[in-house]
Structures are given as structure tokens and as C-alpha cells.
Amino acid sequence: MQPAQQTKLPGTPVKRVVIAGGGTAGWITAAVLSKCLGKQVDIQLIESEEIGTVGVGEATIPPLMFLHDVLEIEEPEFVRATQATFKLGISFENWRNVNEHYFHSFGKTGKSHWSAGFQHFWLEGKQRGLASDYGDYCLELRAGLDNRFATDAERSVCNYAYHFDATLYARYLRKYSEDLGVQRIEGKIAKVHTDPTTGFITGLAMEKGQLIEGDLFVDCTGIRSLLLSDTLGVEYEDWSHWLPCDTAVAVQTASVGEPVPYTRSIAHPWGWQWRIPLQHRVGNGIVFSSKHISPEDAKAALLANVQGEVLREPRFIKFTPGQRKEVWRANCVAIGLSSGFLEPLESTSIHLIQKGAMRLVELFPANGICQSDIDEYNLQARNAIEDIRDFIILHYKVTNRADSPFWDYCREMEIPKSLQHRIEQFRQTGRLINRLGELFGENSWVQVMMGQGITPKAHHPITRNMSNEALADFLGEVRKDVARKMVKMPKHQAFINAYCKAEPPMEVSMPKPNVPAAVNVNGMRLRFNPKAKMKTVSLDGGAKVFVIDDFLENPEELVSLAEAVSPQFHFQAGHPYPGPQLLLPEDLSAQIDEFFQANCRERLGVKHPVGMYARFSRVVTDPSQLDPRQRVCHRDDTGIEAGHSMAALVHYLFKDEQLGGTVFFKSLMSPSQLHQFRLDTSGLDGASFAAKYGIEAGYMTDTNRYFERIGYVPGKWNRAVFYDGGILHSGNIQWDAERYHSGNGRLTVNAFFKHRNVMA
């Protein structure tokens, strides 16, 4: 890499650091800077609640321990706060070939000699018939596959990392950073100001008019790279010719068993799938090449290959693997996705964030930014990501799979010379020479190269100095030591229960639509009718819903608000609701919640409330355009964690009763059939779904072969219906395009009240 063009840089001491963007990248950076530099610098972090984060990075690698040591984070507290489990490595399934698996562990395998790694002694043992499987000599590998885990204060039992909830981790580090004085500024950046002479960034103008000035700016704005790319014009180096996957789709599912202490990476004909077990759920996703499978088919494949109830609508992430040609230019440093992207095959995303933040501390320009620091930072950043890049390419290049065009391309593609040299050296001699400071050590390269199918043609001659007896004793003692330690280790779940078990998260995120909230209503109050009576409607089977007519004294004000903000109504991408939505202002939502807690909570069996939200909703979708999810009844609690339930409200704000009320159903299928049915509503296109189930496009209003209608509440102006969100239901929509598109159409307020079923 050529150094950046030499320019005269301002020598102003750096006293004000502005971090643009939150999430894991922003808050790791804030935590490291505030801990290491303390009061020497003023740190501000800008983020907006309206801008989502990628947030799929839930698996880590052991160097994270060093970050936590620097931050002086107590492990049990961190694990409980982030719903974490422990990780001893990665199980690679179908990578070498279909139905062939191997394990990349974090630990050391055997004992090495100064002249040769353990693999040389193992290869000699295999040649003489004295060695068992290579994994038998690694504690982390054996313990992982036997679902065991243990540690102590010195971490001497196992070399390990974590699986955790990335959103909870960012929240944990936000509190940590704010306690150390970091100021968080809520809002969106409208414009980036630069000095026309130096090109330095001088300030970030917020949408609400505030100007945030600084001396050093850290770009944590994600793949867009608002500062380094959009403003300073740093180009991107595309590595997709080596790493052909360009899209990911992620989803969360409920846990169906005890968590294993490893990540699963499962290869498919067009990419690979991850499974990451946390204490309260499982993270799942597929990384794929859009040239070899469509996004719709990838989503269907993901949903067909997960276990447990789907808790969130699958979310797509487009990316281009590669690196910015500079990650520090002028007074802007990019950390996280704004600096580059490598797929999470070896769980390195958070590590690169950590290294970027700690490298910034090491080269912090307290006395003024100088070009030599910029050049050194860029050189180290490039070396670090290129080493990881080569390690990831290795998984694709070295394979025996010949079952798809995707794997044919990977097997035949040209690769970086640096990686080709490593592969050939190992294939010919069994040697792997690491450069100082590389992330992946010799044992990692050996495990993956042999796991992918390379058996060295030769090994170090020093191993031939050992007699059969000496070599057998050496290998046998290592294997026995691993076995002795492993059997003393508790099962992974038992260790978690005793050491750091987390309660179901209290502050879990509600499944809010990703749409803006309505404008501020300047003190508007909902006047609940004190004379209104609550009626109980019994459904077939004994369940009850509760109906209040003349719910509000001022429903027209709510309708007027909806009319005033109608341009803000928004179709949420991927959401099953057949029309546009808009979140209610928080103060109106709070008033609805107050009414619910006082009048409906006990009737619906709500025990421990944890949150709610409310929205305007309008049905506008013609029946012929409904996707499979919209053709069938649904439950309101399918997007929440195990141990939680949902109560719900629908408030009818239309006067034409022909627009329809709410129908309630029960399933006529077995639980397993219903689970598959629900997966198919998300995974199949309309024609395929109709062919499989005989359900054509249209709103469900009556009994069919899969669901039985068990009750009905007619639509009526200003009527409120409170019900258990776990009951299957659907709008009783007898479509008439003129009715649904005139005025406000079928306007409702829907509210969802989340609660825990047991006390923490």
C-alpha cells in the first residue's frame, strides 16, 4: 500500500472526539477511549434510535478477553447482562465435502517443539500407526463436542470466547461509557462540515440544527461510511472475486434445547448458514451469493433449516467484502463496517472493531494529527484485515465439493499470492510460518487446512528421532491429559446455571414497526369514557375477549390526528400487516398503557409488564396481492422471546361497519404441522403456497381445513377490543376497494402489551 499523499496537517491538540454512530462499533470505541484517556478528552457519540444497526454479530473470539481486561469488566455480570453463552470453537459442516465435518477449536492441540509444531509429531504418529484423531489432543475440541465447559479466574482450563446478544452488548457498553463521562447525542446527521483548506472535518450538523464540533471524528456509521467515504471520498477495495458471498439474511428463533459451546457453520450449495446459541434464543442466518440463489429462495432455505419458533421477521443485509483504501484520512478514523467488511465466518467482526479502537489509543494524536501516525494506523489495519481475509478465503478455496457452480467457482478461483504460498508450504512440508501479530495462530491454520482436506506430503525430520515407544508415550500422555481434564468439566448449561445464569431479559425490544412516529401532539389527551362498560365475549373453547363500546369521548381527535399525519404512514418492508402504519406519539401510547394496566391487565392475566407500543394501521391491500402470511390468521406473540406473552388492543376508528371487525380462530393442525405451516407462509411464494395448501390469495374470514372460526367481534365506530395476543385472529375483511380506499378506510389503533410470565 502506498502512503497517503503528504500534506501539511494542522497541529491542534486533540481534545474533542466525536463518534458518529452507535451500535457495537460506536460503543466499543467510546468505552475504550473513555477508559484509557479519561478526562484528557471530551467524547461525544451521536446515534439515532430511528437508524437500525446490523446487529447480527453475536459470536466472538478469545482476544475479546483482552478488551474486557482493559475495561475491567466482571465476567459474570457481563454474561448475565448480554444473555451470553460460552464458545470453544466453530463446527464446520459440509465444507470439505457434503456430510464431512471438522472443528476449528480455540485451544492448543498437543505440545509443540521449538523446531516443529505438534502436527509434525502427529503426522509421524499416524504414519507409524500410533496416533488417533487429531482432535483427541485438544481439550477445547473434545469438550466442545461433548457439550462441556469450565473456567476459573485465571482462565487456565479452556481458551474460550462468547456468544452474546449484540444489541444488549451495545447497551451494556453504552452505560459503561456514559458512567465514564461520554455524552450521547440523539439525532440524525444532516450535513458534514469540512475545512476547504485542509479537508479536515470541522463539525456535524444535526437535523434539528445543532452543530457538533470536534478535533477528531470516528466514523461508525456502518456500511454507508458517511464521513470517510461520502464526505472525504475514500475509495473501497472490492474483494468479491475472492469472497463471492454478498448477502446475508438473519433471523432469531426460540431455544429448543441446551446451548452448545460452539458456533455451527453449515455449508450449502450457494453459501453457508450459522447457528449461535444464546441463553434466551438462537441467532440464525445464511450468508450467500446472490448470483447462485435468489434472496427469496435463501430466505426459504433459512426458515426450512432452523429449529424453534421464529421470533423475528428475517432481515436481509447486502454487503461487498473488502476494505477502504485508507481507514484514517485527515482527522477521520473509520471503525467497524465503515472501514470494511468481512463475512462472519470466523467471528472476526467484533475483533476488528476492538483492534481499531485499541490501535487508536496506541496512536492517539494528543498533540496534533501527524501523517506518520496516519500511515502507521493504515498499515496495521490493512495487515490485520488481509491476514483474516486470507484465512476466510482458505475455507472456500480448499474444498472437495463439486456439487454446485458456487463451489466449482471457489475451488478454481485465483487467490492472493500470500495465501497460495501458505497452502503450498503446508501441503509440501506441513509447516506454517506466522508473521508476528497475526490473529490466527499455527494451530488454527492446521485445523482448517487439514479439516478442509489437505494432508501434508512430508513433515519435520526431527520427529524421526523418537522411538516407537517414546512417540507412543508422548502422544498417549497428551491424549490422556485431555480426557482427564474433560471428564471433570461440567456440562455447558450446568456451568452457566451455577456461574452466570441470566433471567429472561426485562428490557427486551418490542417488535415495533420500523416506521416513524406521528408528530408531537402538544399535550393532546385521550379522554376515556368513564361511563363505558366492558363486556365479555366468550369464544368457543373458553377463551375470552373484552369489548368496550364508546371507548373514547374524543375519538374524532384521534382520527383528525391520523388525517393530519397521513403522509407519514408507511408500509414496513417485510411486515405482514396489509397496509401502511404509523407509530402513535409516545405520550398517547403511555395513556393507552395506563388505561390497560388499570382496567384490563388482570382480566387478561398479565403478570409482569415489560413494555408496549401502539400504532395507527390502515388496510389498503387488494386481496389478490396478499402474500401467504397475509392470507391466514396470525398471533401477536410470534415475535417475542420465550417466557413472554402479549396482550393486544384493536380500536376501530371507522364508521362504515362493513369494513369488518375481528375473527378469532383455533388451529386444526398438530403443533408440528402448524410450525411447518407458519414456516411456509414466510418461505414460499404465493403460487407455491397456494399449490401446497390450497389457500388462494384473499383475506381469511371463516373456517377452512386448517383453522376453525371460534368467535367474532363486529366492527363498530369507537369500539375497543382487548384480547390475548396468543389467540389466532384476523380482520374480518370483506373486500370492497372503494370502501377501503375512501377517506381513512379501515383505520384502527393497534396496541401491544408485552409481559413476562414469571417474576425475575
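Just above sits the structure.
A. Local environment of the packing of helix α8 (residues 295-304) against helix α19 (residues 671-683). Their axes nearest at 9 Å, the elements α8 and α19 cross at an angle of 165°. Judged by the inter-axis angle, α8 sits roughly antiparallel to α19. Note on packing geometry: the crossing formed by α8 with α19 is right-handed. Facing α8, whose interface residues are Glu296, Lys299, Ala300 and Leu303, α19 presents Leu679, Ser682 and Gly683.

B. Structural context of the sheet that holds strand β12 (residues 236-238). Here three strands make up an open sheet; going across it, the order is β12-β18-β21 and the pairing antiparallel. Looking along the sheet, the strands with just one partner apiece sit at the ends: β12 and β21 (340-341). Looking at chain direction, strand β18 (residues 322-324) and β21 are connected through two bridges and run antiparallel. Along β21, the bridge assignment pairs glutamine 323 with glycine 340. Across the face of the sheet, helix α10 (residues 371-397) comes into contact with β12 and β18 while running at roughly 175° to β18.

C. Structural detail: unusual backbone geometry. Residue asparagine 99 is not a glycine yet carries a positive backbone phi of 70°. Among the secondary structure elements, asparagine 99 is positioned in the loop between β4 (89-97) and β5 (100-105). Positive phi, close to 55°, is recorded for alanine 330, a residue that is not glycine. Tracing the backbone through its elements, the reader meets alanine 330 in the loop between β19 (328-329) and β20 (332-334).

D. Structural context of helix α15 (residues 492-499). Listed in full, the buried residues belonging to α15 are His492, Gln493, Phe495 and Ile496. End-on view of α15: buried residues confined to an arc of 160°, all on one side of the axis. The elements touched by buried residues of α15 are β3 (85-87).

E. Representation of the packing of aromatic side chains in the model. Under the criterion given, the structure shown has 52 aromatic pairs. Ring centres of phenylalanine 78 and tyrosine 169 lie 5.8 Å apart, and the angle between their planes is 75°; this geometry places the pair in the edge-to-face category. A residue pair is termed long-range when its members are at least 10 positions apart, and phenylalanine 78 in helix α3 (residues 75-82) and tyrosine 169 in helix α6 (residues 166-179) qualify at 91 residues. By relative accessible area, phenylalanine 78 is classed as buried at 0%. The exposure class of tyrosine 169 is buried, given its relative accessible area of 0%. With centroids separated by 6.5 Å and ring planes inclined at 50°, the aromatic side chains of tryptophan 95 and tryptophan 272 adopt a geometry described as tilted. Here tryptophan 272 lies in strand β15 (residues 271-277) and tryptophan 95 lies in strand β4, a separation of 177 residues in the sequence. Considered together, tryptophan 95 and tryptophan 272 belong to a single accessibility category, that of buried residues. Put simply, the rings of Phe78, Phe86, Phe149, Tyr160, Tyr162, Phe164, Tyr169, Tyr172, Phe495 and Tyr499 pair up and form one aromatic cluster. The ring of tyrosine 377 carries the charged tip of arginine 359 above its face, separated from the ring centre by 5.2 Å. For lysine 655, the ring lying beneath its charged end belongs to tryptophan 717, and the centroid distance is 4.8 Å.

F. Region of interest: the pattern of salt bridges. The final tally for this structure, using the stated rule, is 43 salt bridges. As a salt-bridge pair, glutamate 47 and arginine 184 come within 2.7 Å of each other at their nearest N and O atoms. In this pair, glutamate 47 is assigned in strand β2 (residues 42-47) and arginine 184 in strand β7 (residues 183-186), connecting sequence segments 137 residues apart. Accessibility classification places glutamate 47 together with arginine 184 in one group, the buried group. For glutamate 58, the salt bridge is made with arginine 281, and the minimal N-O distance between the two is 2.6 Å. Of the two residues, glutamate 58 sits in the loop between β2 and α2 (64-71) while arginine 281 sits in the loop between β15 and β16 (282-288), which places them 223 residues apart along the sequence.

Here is what the cut-offs are and how they apply
- Residues numbered from 1 in each chain as written.
- Predicted model: local features only at pLDDT ≥ 70, side-chain atom pairs only at ≥ 80, totals over all residues.
- Heavy atoms only, no water.
- Axes fitted to C-alpha atoms, helices over the stretch in contact; angles between N-to-C directions.
- Helix = DSSP H or I, 4+ residues; strand = E, 2+ residues; numbered from the N terminus.
- Parallel < 35°, antiparallel > 145°, perpendicular 65-115°, else oblique.
- Left-handed = near helix turned anticlockwise from the far one by under 90°.
- Contact = heavy atoms within 4.5 Å.
- Pairing = 2+ DSSP bridges.
- Buried < 20%, exposed > 50% of the residue type's maximum accessible area, 1.4 Å probe, protein only.
- Arc of directions from axis to C-beta.
- Phe/Tyr/Trp six-rings, centres within 6.5 Å; stacked < 30°, edge-to-face > 60°.
- Lys NZ or Arg CZ within 6 Å of the ring centre and 35° of its normal.
- Salt bridge = Lys/Arg side-chain N within 4 Å of Asp/Glu carboxyl O.

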